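# Working through the structure, step by step
Below, each chain spelled out in residue letters.
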Amino acid sequence: VQLQASGGGLVQAGGTLSLSCAASGLTFSNYVVGWFRQAPGEERELVARISRRGTNTYYTDSVKGRFTISRDNAKNTVYLLMNILMPEDTAIYYCAADRRYDDYRYVRVDQYNYWGQGTQVTVSS
């Protein structure tokens, strides 16, 4: 299983970025996928999570109404659209996946076995 995250960059506050996570080596529709982020000196935290067929999503409170997670199982890809970015969104963003037989929330780092390499998002004020 391989996950490849892309789409990070430098953007001004209030701007928009779209991240992608391309998966290979798995039956993608069997996997719950999450986007996590880790800022310097901070613990890695879940930003958003999407169920296996994309019918159920979860967002941490700080990004609700600004970020949207979606997936295209035909393309083995999950997306994270980030609007109204703020300097506190600056972090390395990781996508993660795990094979599940249900669509429970799965918010913890240790609930995901497969991780992408991370993509840097920097929001300037």
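Further up the page is the structure itself.
The text that follows walks through the structure, step by step, so that each part is easy to find. In this text the structure is predicted, and so the values were computed from the model without any measurement. (Residues numbered from 1 in each chain as written. Predicted model: local features only at pLDDT ≥ 70, side-chain atom pairs only at ≥ 80, totals over all residues. Heavy atoms only, no water.)

### Examining the environment of D72
We apply this condition: Where helices and strands are cited, they refer to DSSP runs of H or I of at least four residues and of E of at least two residues respectively, numbered from the N terminus. Buried residues are those whose accessible area, probed at 1.4 Å on protein chains only, stays under 20% of the maximum for their type, while exposed residues exceed 50% and partly exposed ones sit between those limits. By the criterion applied in these results, polar contacts are pairs of N or O atoms within 3.5 Å in which, for protein atoms, one can donate a hydrogen and the other can accept it, and in which residues neighboring in sequence qualify only through two side-chain atoms.
Tracing the chain through its elements places D72 in strand 7 (residues 67-72). Assessed through its relative accessible area of 26%, D72 is described here as partly exposed. Through-space distance from the C-alpha of D72 to that of A22 is 9.9 Å; in sequence the pair is 50 residues apart. A distance of 3.0 Å separates the side chain of D72 from the backbone nitrogen of A74, its partner in a polar contact.

### Overview of the environment of I69
What counts, and what does not: Here, residues are in contact when the closest pair of their heavy atoms is within 4.5 Å.
Looking at where I69 falls in the secondary structure, it is placed in strand 7. Along the sequence, I69 and A48 sit 21 residues apart, while their C-alpha atoms lie 6.5 Å from each other. Once residues lying within four places of it in the same chain are set aside, the contact partners of I69 are V33, W35, A48, R49, I50, T57, Y59, V78, Y79 and L80.

From the geometry alone we can't say anything about function, so treat these as descriptive.
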